[in-house]
Structures are given as structure tokens and as C-alpha cells.
Amino acid sequence: VIIVIGFLFGGIISLLMPFARLRKNSLSARLKQAIDKKLLHVQYQPKIQLQSGMMIGVEALARWNDEEYGYVSPDVFIALAEQNNQIKELTKLIVSKTLSDMRDYLVNNKTFFVSINLSIQDLTDYQFLLFIDDLVQQHDIRPEQLIFEITERSTADQDAMSNTTKQFVKKGYQVSLDDFGTGYSNLSWLSALEADEIKIDKMFTQAIGTDSINQNMLNGIFQLIENLKMHVVFEGIEEQREEDYILERSPNAIGQGWLYSRPVLAEEIGKLLISQPLKKTHA
Ligand code: C2E
Ligand code: MG
Ligand code: MG
Ligand code: MG
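The name given to the protein chain in an unreviewed UniProt entry is cyclic-guanylate-specific phosphodiesterase, and the organism recorded there is Marinomonas arenicola. Its UniProt record gives the protein chain the following Subcellular location (unreviewed entry) comment, quoted word for word: "Cell membrane". What the UniProt record of the protein chain gives under Catalytic activity (unreviewed entry) is the line "3',3'-c-di-GMP + H2O = 5'-phosphoguanylyl(3'->5')guanosine + H(+)".

Here you go:
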């Protein structure tokens, strides 16, 4: 009986495979359409100077609500866009929406920083940097107010990343190394990169208060950042005890997470700016 059920199950799965494939194709077709019609939008998540509780900037995060598929996570559609060579168009869309939001809601604040995520494919294209430069001038935004976040996914990324970072830095933009601790980072490369900021992946924040193996790993992270001349951001802070732990070891740290705010629309950021320092919510 078990074998029969096994066969039946296998049969059903293989019957369904073509549909799964179809669905996937149409997801990428939907994505292409959404990019062409500029249907993606942007939410912003506050970055907090932990010691003062002040919001010093935001990270722009792409959002896609599809009519057929509903909410699609950026982890899914960014990877899809990267595979299908749609990522540059997507990034251009997000950059232009973000810059116009900055002009509408955030421009008066000269010490406010807006972070935008880039993919490695954006970085290997000098035209892309020129495109950004044009837009920044059109919107009358100071390059120093923009931070470009980049994530390394392979050792092969490292050359492309350090070359482009230098070009971005030359133009006055800031550069941030995203998801630190998940890639192939090593110390000599980290200092060669000349980034202005590193973001410690939320995996480390989530390790706070857990077992002793994680404790060693966390100690390593805090020792490393102590000697870095970069701004340090901890991602994924959800609980007060995580903030306490970080603040005790790294008083100048910046934090981002649900404890302070989920990603919200630009208008909402405008309101939050007025009610500084932010009240903490519980995730
Ligand atoms: P990321 O750049 O590391 O962004 C941080 C992610 O952590 C965001 O996920 C954010 O919503 C989530 N997050 C923030 N606070 C908390 C927290 O307290 N707890 C937990 N569990 N999560 C938190 P999101 O928005 O789903 O984005 C996922 C990833 O997709 C981003 O990771 C980034 O790599 C990529 N991404 C998003 N927007 C863009 C974009 O415009 N361009 C590119 N190239 N990538 C993007
Ligand atoms: Mg990021
Ligand atoms: Mg990150
Ligand atoms: Mg990430």
C-alpha cells in the first residue's frame, strides 16, 4: 500500500511539474510588465542612531504587489530580475522613485541619508553610474546624502565591487557593504574596499542571547568593528535586549529593525521625522 501511495504521489508531483514551470514563467513575465509599467513601489525603513534614538536615515526597499500573485518578496523578484537581465531596469525605476520621494518628503533635511540597494550587475556598468548622476542632478540632491548598499555573493564579485566603489566614492556618494558576514569577506579586502559603512547581517543580531557558540561569533564581530573606521549598522533589531547588548559593546552603532519601525511609505517617514526621537514599538 505504501508503495502504491508512493507511486501515486510521485505521479501527481510529476503531473504538476509543468504547471509549476508555467507559473514561474508567468511570474517573470508579470515582473517584466510591472517594471515596464513602473508598478513597483518603494518603502523606507528608518536607521536609528542607537544612543540618541534619532532617525538618521532610511533604507529604500523595493515592493511588488502583483494582481495575480499578490505580495511577492524582494528576495524572490530581485533574484528573478537578476537571472532574466531585468535588474538594471528595476534598479533605475527604484532609484528614480526614491529620488523623487526624497525631493518631496526629505529634501529639507541636510543630515538625512537615504540608502539604495544595488545588485552586482548594476556595478559592472559605468553607464549606470552616469544615469544615477543625471538623476541626482535633476532632483537637486547632494551625492553625500545617498548611500549605495552592495552585497557580495561570491569571491568573483570582489574586484567589480572595489572598482565601482571607488568610482562612486569619487563622485561623492557613500558606499555600504550589506549583509556583512554572509559572503566571502576577509579583512584585507574589507579595508581595500573603502566603504563608508558596513551592515552586520541580521543573522548576528538574531544570535544575541542564544548559545555559547554564537557568543564567540558575536565577540568576533564586535572585536572586528571596534577597529574599523566605518559606520556600523546592525540589521534586524526586533527586541530591546538586542539593542541593549549592541549598545553596551558598540556605543556608536546604528540600528535598523522592527523594534523601531517596519518599512513604511515616504509620507510616513516625513511624519516620523517630526516626532523624533522615535518611540519603540514591539514587533
Ligand atoms: P537587505 O538589503 O539586507 O534589507 C533588509 C531586509 O531585512 C529587508 O527585507 C527588511 O524588510 C528586513 N528587515 C528589516 N528589519 C527587520 C527585522 O527587525 N526583522 C526581520 N526579520 N527582518 C527585518 P526585504 O524588504 O524583504 O528585502 C530583502 C532583500 O531584497 C534586501 O535585503 C535586499 O537585498 C533586496 N532588495 C530589496 N529592495 C531592493 C532593491 O531595490 N534593489 C536590490 N538590488 N535589492 C533589493
Ligand atoms: Mg540593504
Ligand atoms: Mg542587509
Ligand atoms: Mg539581505
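With respect to the side chain of Glu152
Positionally, Glu152 belongs in the loop between β5 (146-150) and α6 (157-170). Not counting the four nearest positions on each side in its chain, Glu152 is found in contact with Asp157, Gln158, Met161, Gly183, Tyr184, Ser185 and Trp189.

A few points about the coordination of the magnesium ion (ligand 2)
Note on metal sites: the ideal angle is 109.5 degrees for four tetrahedral donors, and 90 or 180 degrees for six octahedral donors. For the magnesium ion (ligand 2), the protein coordination sphere consists of Glu59 (OE), Asn117 (OD1), Glu149 (OE) and Asp178 (OD), at 2.0 to 2.2 Å. Here the magnesium ion (ligand 2) and the magnesium ion (ligand 3) are spaced 3.9 Å apart, and both take Asp178 as a donor. Within this pair, whereas Glu59 is found in strand β2 (residues 54-66), its partner Asp178 is found in strand β6 (residues 174-180), the two being separated by 119 residues in sequence. For Glu59, a relative accessible area of 5% puts it in the buried group. Classification of Asp178 by relative accessible area gives buried; the value is 6%.

Some points on the environment of Leu123
Within the secondary structure, Leu123 is located in helix α4 (residues 120-123). Taking the C-alpha atoms as reference points, Leu123 and Asn163, separated by 40 residues in sequence, lie 8.7 Å from one another. Apart from the residues within four sequence positions on either side, Leu123 is in contact with Leu118, Ile150, Met161, Thr164 and Phe168.

Side note on the nonpolar core
Judged by nonpolar contacts, the single largest core of 75 residues is most densely connected at Leu40, Leu146, Phe168, Ile198, Ile200 and Phe234. A total of eight residues in this core trace back to one element, the largest contributor, which is helix α3 (residues 87-106). Beyond its immediate chain neighbours, meaning those up to four positions away, Ile198 contacts Leu177, Phe180, Leu190, Ile225, Leu228, Met230, His231, Val232 and Val233.

Parameters at a glance
- Residues numbered from 1 in each chain as written.
- Chains lettered and ligands numbered in written order.
- Predicted model: local features only at pLDDT ≥ 70, side-chain atom pairs only at ≥ 80, totals over all residues.
- Heavy atoms only, no water.
- UniProt positions renumbered as here; feature names shortened; annotations may be inferred.
- Helix = DSSP H or I, 4+ residues; strand = E, 2+ residues; numbered from the N terminus.
- Contact = heavy atoms within 4.5 Å.
- Donors = N, O, S within 2.8 Å, 3.2 Å for Na, K, Ca; no water.
- Buried < 20%, exposed > 50% of the residue type's maximum accessible area, 1.4 Å probe, protein only.
- Core = buried A, V, L, I, M, F, W, Y, C linked by side-chain atoms within 4.5 Å.

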